[in-house]
Amino acid sequence: MKVHGEVFSSATQRVLACLYEKEVDFEFVPVGMRTGAHKKQPFLSLNPFGLVPAFEDGDMTLFESRAINLYIAHAYEDKGTQLIYDGKKMAIASVWMDVEAHQFDPAASKLGGTADAAVVQEKEAKLVRVLDIYEVRLAQFKYLGGDDFTLVDLHHLPRLQRLMGSQMKKLVDSRPHVSAWCADILARPAWLKVLAMQANN
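Every residue gets a number counted from 1 within its own chain, in the order that chain's sequence is written. Under the rules for a predicted model, residues below a pLDDT of 70 receive no local features and side-chain atom pairs below 80 are neither given nor counted, while totals for whole chains, interfaces and linings still include all residues. Side-chain numbers here rest on the full set of heavy atoms in the structure, without hydrogens or water.

Colleague: Explain the pairing of strand β3 (residues 54–57) to me, and be specific about the residues and the numbers.
Modeller: The two faces of the sheet receive side chains in turn, since in a regular strand these alternate between them. Sheet topology note: the strand β1 (residues 2–5)/β3 ladder contains three bridges and is antiparallel. Looking across to β3, one finds that Lys 2 is bridged to Glu 56. In terms of strand pairing, β3 meets strand β4 (residues 60–63) through four bridges, oriented antiparallel. Paired with Phe 55 across the bridge in β4 is Leu 62. Any two strands are treated as partners once DSSP identifies two or more bridges connecting them. Helix and strand definitions here come from DSSP, where helices need a minimum of 4 consecutive H or I residues and strands a minimum of 2 consecutive E residues; each element is numbered from the N-terminal end. Connecting β3 to the next strand, β4, in antiparallel fashion are two residues, including Gly 58 with a positive phi near 65 degrees.

Encoded structure:
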């Protein structure tokens, strides 16, 4: 099993966190994004869009971090942390996975760093709305998908890490249930391993 990516890429970090949660062995293959290696062959044969990560498991080649994680969670269901469930529980988790991908991530990805002031204002307003909804949800359940940590929560990790290192931390800190959830998931051993990989690069 190989992950081709860049340790500072949010999408790559999502896949690494999933693999560490599942406790499966893998090889990390760094892709030199500064040299443009992700826009050339042989990488384009793995991800034609020229974006990291790309993933190989035997004869299976995948790209798009959330799709890769669904595959890992299904293919290695009997290993490590259970990240997906069947039936009604999975349907509910799927709703919140879509919220992360289409509501949270587009707003949070533009924050946590320097950006155009108008863009920051617009994205901050959107993120505030999302976090208000999360606060209500997390007042009822320990995690966004329910009472168990799932891919829903895992997919938030890279963006939350960046937000907590920026002035946008206030948006999390001012919501007690979001703040407790954030502290919980950012302290998971699997995520700390991803951060250690970053520190070593």
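The discussion continues.
Colleague: Lay out the environment of Tyr 134 with the relevant residues and their values.
Modeller: Topologically, Tyr 134 is positioned in helix α4 (residues 117–140). For every residue, the accessible area obtained with a 1.4 Å probe (protein chains only) is divided by the maximum for its type, and the residue is called buried under 20%, exposed over 50%, and partly exposed between those limits. Overall, Tyr 134 belongs to the buried group, its relative accessible area being 0%. In this structure, the C-alpha to C-alpha distance between Tyr 134 and Trp 191, residues 57 residues apart in sequence, is 21 Å. Contacts are assigned to residue pairs with any non-hydrogen atoms lying within 4.5 Å of each other. Beyond its immediate stretch of four places on either side in the chain, Tyr 134 contacts Trp 96, Val 99, Glu 100, Phe 104, Leu 144, His 156, Val 178 and Trp 181.

Colleague: I'd like a description of the sheet that holds strand β2 (residues 27–30), backed by residues and values.
Modeller: Pairing is mixed in the open sheet, where four strands are placed in the order β2-β1-β3-β4. For this open sheet the edge positions go to β2 and β4, each flanked by a neighbour on one side alone. Taking each pair of neighbouring strands and ignoring which way they run, the sheet shows an average axis angle of 20 degrees. The sheet contacts of helix α1 (residues 10–22) involve β1, β2 and β3, and relative to β1 the element is tilted by about 160 degrees. Inter-axis angles, ranging from 0 to 180 degrees, are taken between N-to-C directions of lines fitted to C-alpha atoms, where helices are fitted over the stretch in contact.

Colleague: Any chance you could break down the nonpolar core for me, citing the residues and the numbers?
Modeller: Remark: nonpolar core denotes a set of buried residues (Ala, Val, Leu, Ile, Met, Phe, Trp, Tyr, Cys) joined through side-chain atoms within 4.5 Å. Counting residues in each nonpolar core, the largest one holds 52 residues, and the members touching the most others are Phe 104, Leu 127, Tyr 134 and Trp 181. Mapped onto this core, the elements with two or more residues apiece are α1, α2 (65–75), α3 (87–108), α4, α5 (151–164), α6 (169–173), α7 (176–186) and α8 (189–199). Top element by residues in this core is α3. It accounts for eight residues. Dropping the residues within four chain positions of it, Trp 181 is found in contact with Tyr 134, Leu 138, Lys 142, Tyr 143, Leu 144, Asp 153, His 156 and Leu 160.

Colleague: Which residues make up the packing of aromatic side chains, and what values do they have?
Modeller: In this analysis, rings of Phe, Tyr and Trp, with Trp reduced to its six-membered ring, are considered paired at centre separations within 6.5 Å, and the interplanar angle assigns stacked below 30 degrees, edge-to-face beyond 60, and tilted for intermediate values. Within the structure shown, the criterion is met by seven aromatic pairs. An aromatic cluster is built from Trp 96, Phe 104, Tyr 134 and Trp 181, whose rings are joined through pairwise contacts. Our definition puts a charge over a ring when NZ of Lys or CZ of Arg is within 6 Å of the ring centre and also within 35 degrees of the ring normal. The ring of Phe 149 has Arg 188 sitting right over it, with the charged end atom 3.7 Å from the ring centre.

Colleague: Pulling in residues and values, what's your account of unusual backbone geometry?
Modeller: At the junction of Gln 41 and Pro 42, the peptide bond is cis and its omega measures out at 10 degrees in the coordinates. Within the secondary structure, Pro 42 sits in the loop between β2 and β3. Cis geometry marks the peptide bond from Val 52 to Pro 53, where omega comes out at 5 degrees. Here Pro 53 is to be found in the loop between β2 and β3. Located in the positive-phi region is Glu 23, a residue other than glycine, with phi close to 55 degrees. Classification of Glu 23 by relative accessible area gives exposed; the value is 62%.

Colleague: How would you explain the side chain of Arg 175 if you had to name every residue and give the values?
Modeller: The topology assignment puts Arg 175 in the loop between α6 and α7. Only 2.6 Å separates the side chain of Arg 175 from the backbone oxygen of Leu 171, close enough to count as a polar contact. Look past the residues within four positions of Arg 175 in its chain and what remains in contact with it is Val 128, Leu 131, Asp 132 and Glu 135. Any pair of N or O atoms that falls within 3.5 Å is considered a polar contact. Within protein, one atom must be able to donate a hydrogen and the other to accept it, and sequence-neighbouring residues count only if both atoms are side-chain atoms.

Colleague: I'd like a description of the packing of α2 against α5, backed by residues and values.
Modeller: Two packed helices can be described by the angle between their axes and the distance between those axes. Axis separation between α2 and α5 bottoms out at 11 Å; the angle between their running directions is 140 degrees. If you check the angle between α2 and α5, you find them oblique. Considering how the two elements wind past one another, α2 and α5 form a crossing that is right-handed. On α5, the residues that touch Arg 66, Asn 69, Leu 70 and Ala 73 of α2 are Leu 151, Leu 154 and His 155. Angular relationships are summarised with four words: roughly parallel below 35 degrees, roughly antiparallel beyond 145, roughly perpendicular across 65 to 115, and oblique for the angles in between. By convention, the crossing between two helices is left-handed when the near helix turns anticlockwise from the far helix through less than a right angle, and right-handed when the turn is clockwise.

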